[in-house]
Each structure stands twice: as C-alpha cells, then as structure tokens.
Amino acid sequence: MSTIQRKDQLRPPVATPPAAQSLYADRQKVYPKAVSGTVRRAKWVVLALCLAAYYLVPWLRWDRGPGNADQAVLVDIANGRLYFFFIEIWPQEVYFLTGLLVLGAIGLFVATSLFGRVWCGFTCPQTVWTDLFMWVERQIQGDRNERMRLDKAPWSVAKFRKKALTHLAWLLIAAATGGAWIMYFNDAPTVTRELLTGHASLEVYFFFALFSGTTYLLAGWAREQVCTYMCPWPRFQAAMLDENSLVVTYRDWRGEPRGKAKQEGVGDCVDCRACVNVCPTGIDIRDGQQLECIGCGLCIDACDDIMGRLERPKGLIAFETLANLAASTAAVQTVPPGPARQPLGMAARRVPRFIRPRTLLYAAMLGAVAAAMLGALVLRETVTLSVLRDRAPLFVTLSDGSVRNAYTLKIADKGRVSTTLLLEISAPHALHMQVQEGAVMGENRFGVTTRPDGITQWRVLVTQAAGQPGRESTDVTFRLRDAQGRVVASAHSVFLGPRP
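Residues numbered from 1 in each chain as written. Predicted model: local features only at pLDDT ≥ 70, side-chain atom pairs only at ≥ 80, totals over all residues. Heavy atoms only, no water.

Focus on the overall build of the protein chain
Now for step 1: Of regular secondary structure, the protein chain possesses 17 helices and 15 strands.
Now for step 2: Here the C-alpha radius of gyration of the protein chain, 35 Å, is well above what a compact globule of 500 residues would show, namely 23 Å.
Now for step 3: Here the protein chain, with 500 residues, has 42% of them falling under the buried criterion.
Now for step 4: With the model as given, the accessible surface of the protein chain reaches about 28400 Å², and the carbon-plus-sulfur share is 63%.
Now for step 5: Distance between charge centroids for the protein chain: 6 Å, based on 56 positive and 42 negative side chains. (Helix = DSSP H or I, 4+ residues; strand = E, 2+ residues; numbered from the N terminus. Rg over C-alpha atoms; globule rule 2.2 N^0.38 Å. Buried < 20%, exposed > 50% of the residue type's maximum accessible area, 1.4 Å probe, protein only. Areas by Shrake-Rupley, 256 points an atom, 1.4 Å probe, with all protein chains shown as cover. Lys, Arg positive; Asp, Glu negative; His and termini not counted. Charge placed at Lys NZ, Arg CZ, Asp CG, Glu CD.)

The structure is reproduced here in structure tokens:
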C-alpha cells in the first residue's frame, strides 16, 4: 500500500463556524398589571399635579403693563426675554438659568441619596406620560392578561378597533403635549388659535410635530427602553446612594426560601410573581438592586395585597435601607424560616439616618447656590451701561490738532417706566464729551432718556484739546446718575491717542 498522501489530505478538517449570534436581544414586551395601594395612589396624585402644572401653566396671566407680555411663564425668544411671574430674565442674565440647572441637579442628588430613584419613579416626564398612556391602554384593551391575549390573537375587527382607539387616544394626548410645549414659547391663546386655523408659522408646526411625535414614540412605544438604554441617570445613580438610602427592597431574610403558602419551613414569599407582573420595566425585585429598577414602588402594593390575602404581615417588599437589610439578615441567621423571623428582623432595624456627611454636603451646596442666586436677583441692577469704542479708526486727529475717540453707549433699562438719567465722564485729565441727540446738562454732562424694558443706543464723541498733555492710552469712566445724584450704572473704557 502506498504511504504517499496528498497535501490536502494532511490538513486538519476545517471547523464549521457556528451560526452568527446577534449582539442585541429582541425586546420582550412588558405588560404591567394594574395595581392599587398606597404607593399607587401617591403616584396618581403626583401624576395629576405634574400634568396639571404642565398643561395649565401657559394659560396663567400676569399683568406687566400695556405693551408687555401678560403670560405668567413665557420664553419670549423674539424679544430676548424669559418671564416667570414677577421675574424677568434678559439674555445677558443667562447665569440665572445656569443656577436653576445647578439647583435642579443638586436637588436630584439630594433626593437620590435620601430616597433612591424617587425622581425616576414618580416625577420623571417619561414615567408620568408612560403611566398616562398605559392607563389609556388598560381602559381600551383591558388589563395584563387581556392585552396579552389580544396581541396573540389574529387580526379581527374587534382587535383593529381596540388598537386603533388606543393609538388615536395616544396621538391626541401627544398632540396636547406638543401643543402645550409650544405655548411656553408663544402666547398660549394666540398660538392655539393659529394652530387650529392653520395660520401658525412653519417653525411652530415643525416643533409641534416634533414634540408630539416624540411623546407618542417614547411613551407609547419605547417605554421602559428609554429608562434602560436611553437615559444616562441609571448609569451613575449608584454614586449617589449609600447603605442608608431608602430604596425599594425585597426583604429576603423574611421571604426566603420561597414556597407554597401552606408549606412548612419556607419563607413568606409564595413565588406568585405579583411583583414582577406589575413592574413597568418587567424586572424581578427579588433579584436585588438592578439598573432597570426605577424605584416606582408598585411592587410594594402588589406584594402587600398578596400578604394581606394570606393574612401575613405586609412589608415583604418595602422602602428599606441596605444597612437595615443587612442588620435584619444577621439577626435571623440562627432562626429557621417561618413567622418567628418577622419580629427579630424588624427589631434589628434602625431609623434611617437622613442626616449624614453626604446629605449635609449636598444641603450645603444647595444652600450656597440658592443664596447666591437670591442675592444676585435681589441686587440685580435695573439699569446697565455698556460702552463700545470704535476700532476703525482707533482715533482721529482733527485739523486743529485735537484728538477724538468715538464710542457707542448702550443703556438697558429693565424698569417699566422711561427714565431720564445724567451721563458724565471721568478721566485723569480734561476731556470734552459730546452726546449726539443728548440734552446738555452742563460741562461734560448730558441728559439721556432710557427706553422702558428695552435698550437705547447713544453716540458719544470724546475729544482731547490740542496741546493738552496726554498718553497713548488713558482710562475713562462713563457714569449714569439718577435724579437724586446716585450712580446707577458705570462702565470703563480707554481713550487712545498718538504716542507722545
């Protein structure tokens, strides 16, 4: 027999590559079950307050005098104003908005360090509108089991009618949401009339469609996917929590091991999955702290209902600190599962420590920013003055040898009444000032009239007489005085001349 083999016969067999695996799992649709209880009632109250504030605030009126916007809360982009009841923010005062954002962030840190993801579970817009959309869905399609059967059933007239009514209701809510958002940037009655009659601008219709579509997609379709994948907050919320933060927790020391209701030697958890069925993100709270948990607490109501039916103490799932959870677990380690664990575990608990270094630091930061903003608001100037010196040319030498600089003065008056102020100049050596169209009030003193809630612009010429000692650059100060002689605004600039 020949021992010669072909090269291809000596090669090892090539392994067949496994079927390509997707890096992304298909979405498992969540069908939250309706639940009632203390937490659910609290969520309904918060939802109603949030929706009422959002939809009704643009319709509140605030009298600011004739010729001024009378909407209490308005972002007037055309005129560069932000109105919030008696507060009026100008574009150059954008630091107030920055301060509000900082206050909101620190407030969120405080709330999270104390009560976990209470913002996500109760007041986040995604949670509020998703709750509303799910309530509408239940009213039309039924509760969890009915919706699951409806989705699995073949298409029919009844199924099409329920689906169509659901999406029509969602679209109406989304349209009201988008329309309300537009009202924060336009007069509410006016823009509503223009939207309904087809006379609104293209920009208004664009943003109306944008916010309506976003609400419909995020609250109607994406839902828990927004909280799990789109929102950055779950990724770093753990940095705000510690062992003394109140979070939605399963007391495994009491519930484990799970078993039937009448079974001996098991914990209180009967593995009914009621907590899973009501969860809007579809997780099992018994698996511990999870990124997907928004802290809504609906699993608490579901579990309490089951415990009540079984005549067992409520609170198997509750708002609890991890420190108390560890203390209770340590206290019952030597006690077999059963009713005896309940009093021992609860006795080991301690009152949550709301005052601790983390919360004190956040509170100090919150107070400091709030005090700074309040001080800036109280001490804000009613009249501001800005000076722009002409740069081309830097200076002009007149025929008589004198040197002249030109300036543009802008006076912003945030008051509601026109005011006449006295403009004067101060410099180390004699300079002559002339204000075009200004009323002469004396040597180097001119009367200028402001525009209420607006900006006036004045052209000022400053001259140094020929033969006067001067420097290449001289500091000058423009001041505005009121009728009582008090300086209400000032601005610094320079007077430029030829090199000596």
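Structure shown, so let's carry the discussion forward.
A few points about the packing of aromatic side chains
Now for step 1: Overall, the coordinates contain 19 aromatic pairs when judged by the stated rule.
Now for step 2: Each ring, one from Tyr54 and one from Tyr55, has its centre 5.2 Å from the other, and the planes form 75 degrees; the classification is edge-to-face.
Now for step 3: Its relative accessible area of 14% is what places Tyr54 among the buried residues.
Now for step 4: Taken together, the ring pairs in this structure connect Tyr54, Tyr55, Trp129, Trp181, Tyr184, Phe185, Phe206, Phe207 and Phe211 into an aromatic cluster. (Phe/Tyr/Trp six-rings, centres within 6.5 Å; stacked < 30°, edge-to-face > 60°.)

Observations concerning the confidence of the model for the protein chain
Now for step 1: On average, residues of the protein chain score 90 in pLDDT, and 95% of them reach the 70 mark or higher.
Now for step 2: Of all helices and strands in the protein chain, the one with the weakest mean pLDDT is helix H1 (residues 7–10) (44), whereas helix H2 (residues 38–56) scores best (97).
Now for step 3: Contacts from residues 1–10, a stretch scored under 50 in pLDDT, to residues over four places away or in other chains number one contact. (pLDDT = per-residue confidence, 0-100. Contact = heavy atoms within 4.5 Å.)

Digging into the pairing of strand S1 (residues 73–76)
Now for step 1: With four bridges joining them, S1 and strand S2 (residues 81–84) adopt antiparallel strand pairing. Of the residues in S2, the one forming a bridge with Val73 is Phe84.
Now for step 2: Taking the residues between adjacent antiparallel strands as the criterion, S1 and S2 are bridged by four residues, where Gly80 takes a positive phi near 65 degrees. (Pairing = 2+ DSSP bridges.)

Some thoughts on the packing of H2 against helix H14 (residues 298–309)
Now for step 1: Following both chains from N to C, one finds H2 and H14 inclined at 145 degrees, their axes separated by 7 Å at the closest point. Side by side, H2 and H14 meet where Thr38, Val39, Arg40 and Lys43 of the first sit next to Leu298, Ile300 and Asp301 of the second.
Now for step 2: Of the residues assigned to the contact of H2 with H14, the class counts are three nonpolar, one polar and three charged. (Axes fitted to C-alpha atoms, helices over the stretch in contact; angles between N-to-C directions. Nonpolar A, V, L, I, M, F, W, Y, C, P; charged D, E, K, R; others polar.)

Regarding the state of the cysteines
Now for step 1: One pass over the full model with this rule turns up zero disulfides.
Now for step 2: This cysteine, Cys231, is not joined by any disulfide, and Cys120 carries the nearest cysteine sulfur, 5.8 Å off.
Now for step 3: On the basis of relative accessibility, which here comes to 26%, the residue Cys231 falls in the partly exposed class.
Now for step 4: Looking at the unpaired Cys279, the closest cysteine sulfur is the one in Cys296, lying at 6.0 Å.
Now for step 5: Look at Cys279 and you get buried, because its relative accessible area is 11%. (Disulfide = S-S within 2.5 Å.)

Things to note about the nonpolar core
Now for step 1: By size, the foremost hydrophobic cluster in this structure holds 39 residues, and its most contacted members are Val248, Cys275, Ile285, Cys299, Leu316 and Ile317.
Now for step 2: Listing elements by their share of this core, those giving two or more residues are strand S3 (87–89), helix H3 (95–115), helix H4 (118–123), strand S4 (247–250), helix H13 (274–278), H14 and helix H17 (357–378).
Now for step 3: Looking at this core, the element that brings in the most residues is H14, giving seven residues.
Now for step 4: The residues contacting Cys299, other than those within four sequence positions of it, are Val248, Cys275, Val278, Ile285 and Ile317. (Core = buried A, V, L, I, M, F, W, Y, C linked by side-chain atoms within 4.5 Å.)

Points about the sheet that holds S1
Hydrogen bonds along the backbone pair up the strands of a sheet, which may run parallel or antiparallel.
Now for step 1: Strand order in this open sheet of three strands is S1-S2-S3, and the pairing throughout is antiparallel. The open sheet has two edge strands, S1 and S3, and neither has a second partner. The sheet shows a mean angle of 10 degrees between the axes of neighbouring strands, direction not considered.
Now for step 2: As judged from the three bridges shared by S2 and S3, these two strands associate in the antiparallel manner. Within the sheet, the bridge partner assigned to Leu82 lies in S3 and is Ile89.

Focus: the pairing of strand S6 (residues 383–389)
Now for step 1: Of all seven residues in S6, five are buried, a share of seventy percent or more.
Now for step 2: Here seven bridges tie S6 to strand S8 (residues 403–413), and the two strands are oriented antiparallel to one another. Along S8, the bridge assignment pairs Val383 with Asp413.

Comments concerning a nonpolar patch on the surface
Now for step 1: On the surface, Phe115, Phe354, Ile355 and Leu360 cluster together into a nonpolar patch covering about 400 Å² of accessible area.
Now for step 2: Along the chain, Ile355 falls in the loop between helix H16 (341–347) and H17.
Now for step 3: Owing to a relative accessible area of 65%, Ile355 belongs among the exposed residues under this scheme. (Patch = residues over 30% accessible without salt bridge, like charges linked within 9 Å, V, L, I, M, F, W, Y side chains within 5 Å. Salt bridge = Lys/Arg side-chain N within 4 Å of Asp/Glu carboxyl O.)

What about the pattern of salt bridges?
Now for step 1: Across all of its chains, the model carries 33 salt bridges by this definition.
Now for step 2: As a salt-bridge pair, Lys414 and Glu93 come within 2.6 Å of each other at their nearest N and O atoms. Here Glu93 lies in the loop between S3 and H3 and Lys414 lies in the loop between S8 and strand S9 (420–426), a separation of 321 residues in the sequence.
Now for step 3: Asp271 is the partner of Arg258 in a salt bridge, and the nearest nitrogen-oxygen pair spans 4.0 Å. Linking Arg258 in the loop between helix H12 (252–255) and H13 with Asp271 in the loop between H12 and H13, this pair joins segments that are 13 residues apart in sequence.
Now for step 4: Because the salt bridges share partners, they merge into one network encompassing Lys33, Glu137, Arg138, Asp143, Arg147 and Arg223.

Quick notes on the sheet that holds strand S14 (residues 473–481)
Now for step 1: Ordered by their spatial adjacency, five strands build an open sheet running S11-S12-S9-S14-S15, and the pairing between neighbours is antiparallel. Looking along the sheet, the strands with just one partner apiece sit at the ends: strand S11 (439–442) and strand S15 (487–496). Pairwise comparison of adjacent strand axes, ignoring direction, gives a mean angle of 30 degrees for this sheet.
Now for step 2: Across five bridges, the pairing between S9 and S14 is antiparallel. Residue Ile425 lies in a different strand from S14, and its bridge partner there is Phe478.

Observations concerning helix H15 (residues 322–331)
Now for step 1: Every buried residue belonging to H15 is among Asn324, Leu325 and Ser328, and all of these are buried. Viewed along the axis of H15, the buried residues span an arc of 105 degrees, placing them on a single side of the element.
Now for step 2: On its buried face, H15 is in contact with S4, H12, strand S5 (317–320) and H16. (Arc of directions from axis to C-beta.)

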